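Here's the letter readout for the chains.
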Amino acid sequence: MPKYHSPDPFDFSKPASWPDWKSRFLRYHTLEKLKDEPGTVQVSALVYIMGRQAESIYNSFTFDPRPEATDDVPNPANPSDDFDTVMKKFDAYFVPRKNTIHE
């Protein structure tokens, strides 16, 4: 199976380009079958490919406490290692909220 080149690192000086970069990364995520990997691997790939500045941004995120184990989920994932949760955190970081009253 061919290996694909990862997207270029994210240009942190252009936060408005996040949706385009994210879309490109999600294509790479699919091609490399990262979805089959543990959350820690998926999150590490995201932060690593984004570039050095992503590490400090990721470390600034706060996550809800890890859920308790249940019979259905004996070892729940740590939220900081959940790919979808981390992507939502980066979305919130890069995509400005609209002030509907102001607009």
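Below you will find a few notes about this structure.

Calculation rules
Residues numbered from 1 in each chain as written. Predicted model: local features only at pLDDT ≥ 70, side-chain atom pairs only at ≥ 80, totals over all residues. Heavy atoms only, no water. Axes fitted to C-alpha atoms, helices over the stretch in contact; angles between N-to-C directions. Helix = DSSP H or I, 4+ residues; strand = E, 2+ residues; numbered from the N terminus. Parallel < 35°, antiparallel > 145°, perpendicular 65-115°, else oblique. Left-handed = near helix turned anticlockwise from the far one by under 90°. Contact = heavy atoms within 4.5 Å. Nonpolar A, V, L, I, M, F, W, Y, C, P; charged D, E, K, R; others polar. Core = buried A, V, L, I, M, F, W, Y, C linked by side-chain atoms within 4.5 Å. Buried < 20%, exposed > 50% of the residue type's maximum accessible area, 1.4 Å probe, protein only. Expected span 1.5 Å × (residues − 1). Phe/Tyr/Trp six-rings, centres within 6.5 Å; stacked < 30°, edge-to-face > 60°. Lys NZ or Arg CZ within 6 Å of the ring centre and 35° of its normal.

**Digging into the packing of helix H1 (residues 18-31) against helix H4 (residues 83-94)**
Contact geometry of H1 with H4 gives a least axis separation of 11 Å together with a crossing angle of 165°. Judged by the angle between their axes, H1 and H4 are roughly antiparallel. Here the hand of the crossing between H1 and H4 comes out right-handed. Contacts between H1 and H4 involve Trp18, Lys22, Phe25, Leu26 and His29 from the first element and Phe83, Met87, Phe90, Asp91 and Phe94 from the second. Looking at the contact of H1 with H4, its residues break down into seven nonpolar, one polar and two charged.

**Here we look at the nonpolar core**
The nonpolar side chains of soluble globular proteins are, as a tendency, buried together. In terms of nonpolar packing, the biggest core is built from 22 residues, with Trp18, Trp21, Phe25, Leu46, Met50, Phe90 and Phe94 touching the most fellow members. Looking at this core, the elements that each hand over two or more residues are H1, helix H2 (39-50), helix H3 (52-60) and H4. With six residues, H2 is the largest single contributor of residues to this core. Ignoring any residue separated from it by four or fewer positions in sequence, one finds Phe25 in contact with Pro7, Leu34, Ala45, Leu46, Ile49, Phe83 and Met87.

**Remarks on H2**
With twelve residues, H2 ought to run about 16 Å at 1.5 Å a step, and its terminal C-alpha atoms sit 16 Å apart, in line with that. Considered for burial, the residues of H2 that qualify are Gln42, Val43, Ala45, Leu46, Val47, Ile49 and Met50. Structurally, H2 contributes buried residues whose contacts are with H1, H3 and H4.

**Details of the environment of Glu55**
Here Glu55 is to be found in helix H3. Between the C-alpha atoms of Glu55 and Ser44, which are eleven residues apart in sequence, the distance is 9.4 Å.

**With respect to the packing of aromatic side chains**
The geometry of an aromatic ring pair comes down to the distance between the two centres and the angle between the two planes. If you walk through the whole model with that rule in mind, you get 18 aromatic pairs. For the pair Phe25 and Tyr28, a centre-to-centre distance of 6.2 Å together with 45° between the ring planes defines the contact as tilted. Here Phe25 and its partner Tyr28 are both found in helix H1, three residues apart, which amounts to about one turn of the helix. An identical accessibility class is assigned to Phe25 and Tyr28; each is buried. The ring centre of Phe63 lies 5.3 Å from the NZ or CZ of Lys89, which sits over that ring.

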